[in-house]
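# Topology and contacts: notes
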Amino acid sequence: MEMGKFGAQIEKKNIKILKPIYQEFLKSTTKDELIDSFIKLSEFFREHSSEIRGMMTEREFAALVGFRLEEFVHHVANTMKKKHKKNVDIAFIQGKKCKMIIFENDTDFIGQGCDLAIGKWVENKKFGGEFFIPKILIESKRYVALAPQMRDVSMLAIKWKEKYPDVKFIIFAEHNDMEKKDYSLMRDFWGSAIYDLFFIKEGSRSLERKGINNYKKEELERFIDEMERLIKEL
């Protein structure tokens, strides 16, 4: 299975303690295997975070924490692509002048990156070269609070749907840091253009700071089921 950014950083920094459990995660193919190996990897990563942190800068470590979520999304998408034999491209879109157009005029374009894009690379005669045409876009977040994350991703979802009305813009996050009693209202108001949000850990970050780290298997199952359905329909 193709390695993502989390695996690439493990190799680059030669983080030996993570290699066996990461390879176990990469070999997972069924829903139960994907979920169990991801939780096992995440718990191992948390338990050995001090040792891993000592092998890199703080910035690199912070990025690695996020890469773990992106890796799960990437692995699920690739698993479903292979399972359903779909001729789609799966890409990390990055850089200041991203080759994924979110807005354009007669002479220039604004590109927008995304943690994971599913669609096709297509030749663009107007601007020259290949540009990515998205069908599914997924942003991975450690947590989502009302400001800035929810408002920011909501604005992105609106702009993406203006450009590509059929695109599915998804948020995959560990914690929901929005007030529980107001979440459904904020979701309807700010996030109406977002296709779906997945929060895979119990409670907000305040629980994590108390040492409580409970993953919600049902939410991981829901994410995998939805990704399979969307990719199967492409």
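For the structure given in this document, a descriptive report is provided here.

Quick notes on the rules
- Residues numbered from 1 in each chain as written.
- Predicted model: local features only at pLDDT ≥ 70, side-chain atom pairs only at ≥ 80, totals over all residues.
- Heavy atoms only, no water.
- Axes fitted to C-alpha atoms, helices over the stretch in contact; angles between N-to-C directions.
- Helix = DSSP H or I, 4+ residues; strand = E, 2+ residues; numbered from the N terminus.
- Parallel < 35°, antiparallel > 145°, perpendicular 65-115°, else oblique.
- Contact = heavy atoms within 4.5 Å.
- Buried < 20%, exposed > 50% of the residue type's maximum accessible area, 1.4 Å probe, protein only.
- Core = buried A, V, L, I, M, F, W, Y, C linked by side-chain atoms within 4.5 Å.
- Phe/Tyr/Trp six-rings, centres within 6.5 Å; stacked < 30°, edge-to-face > 60°.
- Lys NZ or Arg CZ within 6 Å of the ring centre and 35° of its normal.
- Salt bridge = Lys/Arg side-chain N within 4 Å of Asp/Glu carboxyl O.
- Pairing = 2+ DSSP bridges.
- Polar contact = N/O pair within 3.5 Å; in protein donor to acceptor, adjacent residues only side chain to side chain.

## Observations regarding the packing of helix H1 (residues 5–13) against helix H5 (residues 58–83)
Taken N-terminus to C-terminus, the directions of H1 and H5 make an angle of 140°; their axes are 7 Å apart at the nearest point. When the axes of H1 and H5 are compared, the pair comes out oblique. Where H1 abuts H5, its residues Lys5, Phe6, Gly7, Gln9 and Lys13 lie against Glu60, Leu64, Phe67, Arg68, Glu70 and Glu71.

## Details of the environment of Gly128
Counting through the fold element by element, Gly128 comes out in the loop between strand E4 (114–123) and strand E5 (130–144). The partly exposed category is assigned to Gly128, whose relative accessible area is 32%. Measuring from C-alpha to C-alpha, the distance between Gly128 and His48 comes to 47 Å, with 80 residues separating the pair along the chain.

## Describing the nonpolar core
Counting residues in each nonpolar core, the largest one holds 43 residues, and the members touching the most others are Phe72, Phe172 and Phe223. Secondary-structure elements contributing two or more residues to this core are H1, helix H2 (19–26), helix H3 (31–47), H5, E4, E5, strand E6 (168–176) and helix H9 (217–232). Take this core: its biggest share by element is 10 residues, from H5. In terms of nonpolar packing, the next biggest core, distinct from the first, is built from 30 residues, Cys98, Phe132, Trp160 and Met186 among them.

## Thoughts on the packing of aromatic side chains
The geometry of two aromatic rings is summed up by the distance between their centres and the angle between their planes. Throughout the structure, instances matching the rule amount to 17 aromatic pairs. Ring geometry for Phe72 against Phe223: centres 6.2 Å apart, planes inclined by 35°, an arrangement best described as tilted. Of this pair, Phe72 sits in helix H5 while Phe223 sits in helix H9, placing them 151 residues apart in sequence. Measuring from ring centre to ring centre gives 5.2 Å for Phe198 and Phe223, while their planes differ by 85°; the resulting arrangement is edge-to-face. Residue Phe198 is located in strand E7 (residues 196–199), and its partner Phe223 is located in helix H9; the two are separated by 25 residues in the primary sequence. There is no split in this pair, since Phe198 and Phe223 are both buried. Positioned above the aromatic ring of Phe109 is the side chain of Lys97, whose terminal nitrogen or guanidinium carbon lies 4.3 Å from the ring centre.

## Some words on the pattern of salt bridges
Taken as a whole and judged by the stated rule, the model has 24 salt bridges. As a salt-bridge pair, Lys217 and Asp36 come within 3.1 Å of each other at their nearest N and O atoms. One end of the pair, Lys217, is in helix H9; the other, Asp36, is in helix H3, and 181 residues separate them in sequence. Its relative accessible area of 40% is what places Lys217 among the partly exposed residues. In this structure Asp36 comes out as partly exposed when scored by relative accessible area, which is 40%.

## Considering the side chain of Ser140
Along the chain, the position of Ser140 falls in strand E5. Among the residues examined, Ser140 registers a relative accessible area of 12% and is labelled buried.

## Observations concerning H1
Turning to H1, its buried residues are Lys5, Phe6, Gly7, Gln9 and Ile10. Residue Asn14 follows H1 closely and has a positive phi angle near 50°.

## Comments concerning the pairing of strand E2 (residues 101–104)
Strand direction decides the pairing type here: E2 and strand E3 (residues 109–111), joined by three bridges, are antiparallel. Within E3, the position partnered with Glu104 by the bridge is Phe109. Connecting E2 to the antiparallel partner E3 that follows it, the hairpin turn spans four residues.

## Focus: the environment of Tyr143
Take Tyr143: it is sitting in strand E5. Using a relative accessible area of 24% as the deciding quantity, one classes Tyr143 as partly exposed. Linking Tyr143 and Arg205, residues 62 residues apart in sequence, is a C-alpha distance of 7.5 Å. Among the polar contacts listed, one links the side chain of Tyr143 to the side chain of Gln149, at a separation of 3.3 Å.

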